[in-house]
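Structural overview
Chain by chain, the residues:
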Amino acid sequence: MNTTLLYSLFLNAGEAFKRYALNVCQFKEDVICKDDLKSNITLSRRPIVCIANEDDHYELQRLITEWSNACTSLHESDPDRYPLTMTAMRYQPAIYENVKSAKVFINDATNSRLVQASSFIKRLELALRCSKDVGYNICLQEQLAYFKKYSDEQFRVRSSGYTEVVASLTLDNGEEMRVKVPEYGICLAGSNGHVPVLTKVENKRVRNSIYDRLSAIKLVVQPELDIYHELDVIALKEAHAKAAQRNNENQKGL
């Protein structure tokens, strides 16, 4: 079977699970997007299913198995192109067993990645060649000179405006675990016919970040990005870790 067909089967298997889960779920995240005509449409994703009967349990497990088989077949057809570590394969749908209850949190999330200075230099040089605005060109030239000064460095790039759905599970034995809900969703199953109790926490969790203590660089051509010297980030993390260690030692000494 050719790779193109296997990739199609892989996508279809994921969508089949997601459709079924959305039809029987107790929670889903609705997001507003634009269609091709620029009209607002609502898309549902990240369903959480509290399994209430054996029929749903059987069908959801069957769909997960189909997804897993499609994932394996696609990977084996071209391991370099479709590694098991790729995002679409890493966050697979799953059934969590022996769940007593769960709380759902919708948190603000931030995408973070490392970028070489050379990447910014290329973008700024391209913008400079295309722009005829004198004032804008001055800003481009100043920032280009800045990144050339640190041409051998890496920079931490962060972009916000995302959300993540996290389920905090309490198991029958009292153990607790946190699960990041993927696009396809997850399923929760109780023991002895028990249906897990699902509670949605309305308020988004506000998290303190070390980046609050750093000044972000705003790229002229992409002002929505927050950019930091990676060396500054590393130094601040190390200082924070040392301060936390000293605080723990002081508390032990009391």
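As shown above, the structure is provided for reference.
The residue numbering used here restarts from 1 in each chain and proceeds along that chain's sequence as written. The model is predicted, so local features are restricted to residues of pLDDT at least 70 and side-chain atom pairs to those at 80 or more, both for listing and for counting; the totals for chains, interfaces and linings are taken over all residues. Hydrogens are left out, water is left out, and the side-chain values use all remaining heavy atoms of the structure.

Here a strand is any run of E in DSSP of at least two residues, a helix any run of H or I of at least four, and the numbering for each starts at the N terminus. Regarding its fold elements, the protein presents six helices and 10 strands. C-alpha atoms of the protein, sized along the principal axes, occupy 70 × 65 × 40 Å. Any residue under 20% of the maximum accessible area for its type is buried, any over 50% is exposed, and the rest in between are partly exposed; the area is computed with a 1.4 Å probe on protein chains only. Buried positions account for 34% of the 254 residues belonging to the protein. Across the protein, contacts joining residues at least 24 apart in sequence account for 71% of those joining residues at least 6 apart. Reported accessibility uses the Shrake-Rupley method at a 1.4 Å probe radius. Residues are deemed covered only where the shown protein chains occlude them. Total accessible area on the protein stands at roughly 15800 Å², and carbon and sulfur atoms take up 49% of it. Any two residues whose heavy atoms approach within 4.5 Å at even a single point are treated as in contact.

Residues belong to a common nonpolar core when they are buried Ala, Val, Leu, Ile, Met, Phe, Trp, Tyr or Cys residues joined through side-chain atoms within 4.5 Å. The biggest cluster of nonpolar side chains holds 21 residues, and the ones touching the most others in it are Phe10, Phe17, Val49, Ile51, Leu60, Ile95 and Cys187. Elements represented by at least two residues in this core include exactly helix H1 (3–24) and helix H2 (54–77). For this core, the leading source of residues is H2, giving seven residues.

Any pair of Phe, Tyr and Trp rings, taking the six-membered ring for Trp, is counted once the centres come within 6.5 Å. Such a pair is stacked with planes under 30 degrees apart, edge-to-face with planes over 60 apart, and tilted for the rest. Per the counting criterion, the structure on display carries 10 aromatic pairs. Judged by centre distance (5.9 Å) and plane angle (80°), the rings of Phe120 and Phe155 are edge-to-face. Here Phe120 is found in helix H4 (residues 117–130), whereas its partner Phe155 is found in strand E5 (residues 154–171), with 35 residues between them in sequence. This pair shows no difference in class: Phe120 is buried, exactly as Phe155 is. Here a set of aromatic residues connected by ring pairs shows up, and it is made of Tyr7, Phe10, Trp67, Tyr82 and Tyr184. Against the face of Phe105 rests Arg178, its NZ or CZ located 5.6 Å from the ring centre. Counted as over-ring charges are cases with an Arg CZ or a Lys NZ within 6 Å of the ring centre that also lie within 35 degrees of the ring normal.

Here the focus is the packing of H1 against H2. At their nearest, the axes of H1 and H2 sit 9 Å apart, and the two run at 160° to each other. Comparing the axis directions of H1 and H2 gives the class roughly antiparallel. The handedness of the crossing between H1 and H2 is left-handed. Grouping the constituent residues of the contact of H1 with H2 by class yields 16 nonpolar, four polar and four charged. Each axis is a line fitted through C-alpha atoms, and for a helix only the stretch in contact is used; angles between axes span 0 to 180 degrees, taken between their N-to-C directions. An angle counts as roughly parallel when it lies under 35 degrees, as roughly antiparallel when it exceeds 145, as roughly perpendicular when it falls between 65 and 115, and as oblique in every other case. Each crossing gets its handedness from the near helix: less than a right angle anticlockwise from the far helix is left-handed, clockwise is right-handed. Polar here means any residue other than Ala, Val, Leu, Ile, Met, Phe, Trp, Tyr, Cys and Pro, which are nonpolar, and Asp, Glu, Lys and Arg, which are charged; Gly is therefore polar.

On to the pairing of strand E6 (residues 176–180). Strands were regarded as paired on the criterion that DSSP finds at least two bridges between them. Direction of pairing for E5 relative to E6: antiparallel, over a ladder of five bridges. Within E6, the residue paired with Val166 across the bridge is Lys180. Connecting the antiparallel pair E5 and E6 is a turn made up of four residues, with Gly174 showing a positive phi of about 90°.

Take the residue count of a helix, subtract one, and multiply by 1.5 Å to get its expected span. An ideal rise of 1.5 Å per residue puts 34 Å on 24 residues; H2 measures up with 35 Å between its terminal C-alpha atoms. What H2 keeps buried is the set Asp56, Glu59, Leu60, Leu63, Ile64, Trp67, Ala70, Cys71, Leu74 and His75. As for H2, its buried residues are in contact with H1, strand E2 (40–50), helix H3 (87–90), strand E3 (95–96) and strand E7 (186–188). Here a polar contact is recorded for every N or O atom pair within 3.5 Å, except that within protein the pair must consist of a potential hydrogen donor and a potential acceptor, and residues adjacent in sequence are included only if both atoms are side-chain atoms. The opening residue of H2, the one whose side-chain oxygen lies 3.2 Å from the backbone nitrogen of Asp55, is Asn53.

The next subject is the pattern of salt bridges. Side chains that carry opposite charge are capable of pairing whenever their charged atoms lie near each other. The working definition used for a salt bridge is a side-chain nitrogen of Lys or Arg within 4 Å of a carboxyl oxygen of Asp or Glu. Scanning all chains against the criterion turns up nine salt bridges. In this structure, Glu66 engages Arg62 in a salt bridge whose closest nitrogen and oxygen atoms are separated by 2.6 Å. Of the two residues, Glu66 and Arg62 are both situated in helix H2; the distance of four residues between them amounts to about one turn of the helix. On the accessibility criterion, Glu66 (38% relative accessible area) is partly exposed. A salt bridge links Asp226 to Lys218; the shortest N-O distance between them is 2.4 Å. Here Lys218 falls in the partly exposed class, since its relative accessible area comes to 42%. Via salt bridges that share partners, Glu29, Arg45 and Arg46 belong to a single interconnected network.

Right, let's get into H4. Over its 14 residues, H4 runs 20 Å from end to end, which matches the ideal 20 Å to within 8%, given 1.5 Å per residue. Residues Ala117, Phe120, Ile121, Leu124 and Ala127 constitute the buried set of H4. Considered in projection along H4, the buried side chains sweep an arc of 130° and stay on one side of the axis. Exposed and facing more than 90 degrees away from the buried side of H4 are Lys122, Arg129 and Cys130. In the core, the buried residues of H4 are packed alongside strand E4 (99–116), helix H5 (134–149), E5, strand E9 (217–219) and strand E10 (222–229). To be clear, the arc concerns the directions from the helix axis to the C-beta atoms.

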